[in-house]
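# A look at the structure
Here's the letter readout for the chains.
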Amino acid sequence: MAIFKARVKEFEDIFSQDVIELKQLRQHTFNGVPDVLSFRALSWKMLLGYLGPRRSTWSTTLAQKRALYKQFIMELVLPPGHTHNGEGDSDDGNESRGVGLKDHPLSEGPESAWNTFFNDNEFLLQIDKDVRRLCPDISFFQQPTEYPCDIVVHSKGEQGRRLHERVVPSVLSSANVERKGLGVTKINLITKRSAENYAAMEEGQEAHWEVVQRILFIYAKLNPGQGYVQGMNEIVGPIYYVMASDPDLSNRAHAEADCFFCFTALMSEIRDFFIKTLDDAEGGIKCMMSRLSNMLKAKDLSIYNHLKSQELHPQYYSFRWINLLLSQEFPLPDVLRIWDSIFSDENRFDFLIKICCSMILIQREAILENDFASNVKLLQNYPPIDINVVLTHAVSLA
């Protein structure tokens, strides 16, 4: 308890400064952020570059970014021809967006807002399928948010404001998932999840998964070269959970916007993981798996040779580990603790590789005894473990 209180005091001292000392923040966050006050949400906002070190700029930055996000919703989520004003909906058609023949729902011209609206459904279908099963080990994402997006949940009978209403999930085959670029990656290398789908909320309410769906949809719309790739839902989930669980209600009310910008910042660092044509690039997924393989070879040649002799290639297990920053391998509280350290790493993903290497080294005896099938099962379904054991081991790797 004394140690915990001391750590809380460290964060209180850091965030009481007029100009936050980022080096100090990284050091303390690396060792785990105490689950009290707004420490984790604030630490992540700073470490991901959403907020600058000068406290006096925070209120302006947040106000501007949150207003911009509301604009994204108005322009990218609401159906063409809807009516709105600055504060909410208007019953006056004079301010309707999208007037004229080209915006008629039956228009198929490339410039038609409706044409874009219908084309969006292709990737929205995949997003809808993925977010309905987010973090199945907890009920959080199925629960209603206390701060629903009013201009979306009060549809006044207008179809399409709520993204899930636009798609019919049953049409989507679950056999393959396309990554941007050439080729197909099998789903079991990307994600593992429950088969249960979450239900949508009634008019006037929305579940947390519906908010996450909107974040991913807007991100895909603003990044057409990349779009949405399965697995992004697993990256945005923990960030949204932290923002939407902030004890400071004035921040929690804006969890959606804050999460969007933090997610966008993180994706700018790991986007190469999600673009197949960049797999061989320095920041690509193949390069990261190769770094892990080389580290394992240097640290324990016996395990390296054993896995090699079994032809158990790194992509069978570490593709998902690295691609999704271990978000699928551990319970959510452990993922948050891991991400504290990953976000604190100035060489961001060096420590991620060390964690992955430690996960293998810790299972040394079992791996050396196991046959191919048992090792695949072990590494694709990592056994329960105290996450601090893994992190301490990772720190010990020079």
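Residues numbered from 1 in each chain as written. Predicted model: local features only at pLDDT ≥ 70, side-chain atom pairs only at ≥ 80, totals over all residues. Heavy atoms only, no water.

An unreviewed UniProt entry annotates the chain as TBC1 domain family member 13 originating from Drosophila arizonae.

Glancing now at the overall build of the chain. Counting secondary structure elements, the chain contains 20 helices and two strands. Taken over 398 residues, the chain has a buried fraction of 52%. Across the chain, every contact between residues at least 6 apart in sequence was considered, and the portion connecting residues at least 24 apart equals 73%. Only carbon and sulfur atoms are counted for the fraction: they give 51% of the accessible area of the chain, which is about 18100 Å². (Helix = DSSP H or I, 4+ residues; strand = E, 2+ residues; numbered from the N terminus. Buried < 20%, exposed > 50% of the residue type's maximum accessible area, 1.4 Å probe, protein only. Contact = heavy atoms within 4.5 Å. Areas by Shrake-Rupley, 256 points an atom, 1.4 Å probe, with all protein chains shown as cover.)

Now for helix 6 (residues 121-131). In terms of residue burial, helix 6 counts as a mostly covered element, since nine of its eleven residues are buried. For helix 6, the set of buried residues is Asn 121, Leu 124, Leu 125, Gln 126, Ile 127, Asp 128, Lys 129, Asp 130 and Val 131.

Before going further, it helps to examine the side chain of Asp 120. Summarising the element assignment, Asp 120 is placed in the loop between helix 5 (113-119) and helix 6. One polar contact links Asp 120 to Lys 221, side chain to side chain, over a distance of 3.0 Å. Once residues within four sequence positions are removed from consideration, Asp 120 is found in contact with Phe 217 and Lys 221. (Polar contact = N/O pair within 3.5 Å; in protein donor to acceptor, adjacent residues only side chain to side chain.)

Next up on the list: the packing of aromatic side chains. One pass over the full model with this rule turns up 22 aromatic pairs. When the centroid spacing of 5.0 Å and the interplanar angle of 80° are considered together, the rings of Trp 44 and Phe 343 count as edge-to-face. Pair noted here: Trp 44 is in helix 3 (residues 39-47) and Phe 343 is in helix 16 (residues 332-344), with a separation of 299 residues, a long-range link. No difference in accessibility class separates Trp 44 from Phe 343, as the two residues are buried. Look at Phe 123 and Phe 217: their rings are 5.6 Å apart centre to centre, the planes differ by 25°, and that puts the pair in the stacked class. Of this pair, Phe 123 sits in helix 6 while Phe 217 sits in helix 9 (residues 208-222), and the two are 94 residues apart along the sequence. Taking the relative accessible area as the measure of exposure, Phe 123 reaches 22% and is therefore partly exposed. Its relative accessible area of 0% is what places Phe 217 among the buried residues. (Phe/Tyr/Trp six-rings, centres within 6.5 Å; stacked < 30°, edge-to-face > 60°.)

Quick look at the nonpolar core now. By size, the foremost hydrophobic cluster in this structure holds 116 residues, and its most contacted members are Phe 15, Tyr 240, Phe 263, Trp 339 and Ile 355. If sequence neighbours within four positions are ignored, Trp 339 has contacts with Trp 44, Glu 234, Ile 235, Pro 238, Ile 239, Leu 324, Leu 325 and Ser 327. (Core = buried A, V, L, I, M, F, W, Y, C linked by side-chain atoms within 4.5 Å.)

What follows deals with unusual backbone geometry. A positive phi angle, close to 55°, is found at Glu 311, a residue other than glycine. Summarising the element assignment, Glu 311 is placed in the loop between helix 14 (301-309) and helix 15 (318-323). On the basis of relative accessible area, Glu 311 is assigned to the exposed category, the value being 53%. Not every positive phi belongs to a glycine, and Leu 326 is a case in point at roughly 65°. As for its placement among the helices and strands, Leu 326 is situated in the loop between helix 15 and helix 16.

Below, the discussion takes up the environment of Phe 4. Mapped onto the elements, Phe 4 comes out in helix 1 (residues 2-15). Judged by its relative accessible area of 33%, Phe 4 is partly exposed. Taking the C-alpha atoms as reference points, Phe 4 and Pro 34, 30 residues apart in sequence, are found 7.4 Å from one another. Setting aside its immediate chain neighbours within four residues, Phe 4 contacts Pro 34 and Val 36.

A few words now on the pattern of salt bridges. Counted by the stated rule, this structure contains 17 salt bridges. The partner of Asp 340 in a salt bridge is Arg 40, and the shortest N-O contact between them spans 2.7 Å. Of this pair, Asp 340 sits in helix 16 while Arg 40 sits in helix 3; the two residues are 300 residues apart in sequence, bridging distant segments of the chain. What makes Arg 40 buried here is its relative accessible area of 9%. Its salt-bridge partner being Asp 272, residue Arg 271 comes within 4.0 Å of it at the nearest N-O pair. What you see here is one network of salt bridges that share partners, running through Asp 35, Arg 40 and Asp 340. (Salt bridge = Lys/Arg side-chain N within 4 Å of Asp/Glu carboxyl O.)

Time to look at helix 17 (residues 350-362). For helix 17, built from 13 residues, the straight-helix expectation of 18 Å at 1.5 Å per residue is met to within 8% by its first-to-last C-alpha distance of 18 Å. In terms of residue burial, helix 17 counts as a mostly covered element, since ten of its 13 residues are buried. Phe 351, Leu 352, Ile 353, Ile 355, Cys 356, Cys 357, Ser 358, Met 359, Ile 360 and Leu 361 are the residues of helix 17 that are buried. (Expected span 1.5 Å × (residues − 1).)

Look at helix 16 against helix 20 (residues 387-396): their axes get within 10 Å of each other, and the N-to-C directions meet at 20°. Considered as vectors, helix 16 and helix 20 are oriented roughly parallel to each other. Viewed along their axes, helix 16 and helix 20 form a crossing whose handedness is right-handed. On helix 20, the residues touching Asp 334, Arg 337 and Ile 338 of helix 16 are Ile 387, Asn 388 and Leu 391. Here the contact of helix 16 with helix 20 is composed, by residue class, of three nonpolar, one polar and two charged. (Axes fitted to C-alpha atoms, helices over the stretch in contact; angles between N-to-C directions. Parallel < 35°, antiparallel > 145°, perpendicular 65-115°, else oblique. Left-handed = near helix turned anticlockwise from the far one by under 90°. Nonpolar A, V, L, I, M, F, W, Y, C, P; charged D, E, K, R; others polar.)

This part takes up the confidence of the model for the chain. Across the chain, the average pLDDT comes to 84, with 80% of residues at 70 or higher. No element of the chain has a lower mean pLDDT than strand 2 (residues 184-186), at 37, and none a higher one than helix 3, at 98. Low pLDDT, under 50, characterises residues 84-104; the stretch is placed with 43 contacts to residues that sit more than four places away or in other chains. Below a pLDDT of 50 lies the segment residues 169-195, which in the model reaches 74 contacts outside its immediate sequence neighbourhood of four places, other chains included. (pLDDT = per-residue confidence, 0-100.)

Before going further, it helps to spend a moment on the environment of Glu 165. Structurally, Glu 165 can be placed in the loop between helix 7 (150-153) and strand 1 (176-178). Residue classification places Glu 165 among the partly exposed positions, given a relative accessible area of 34%.

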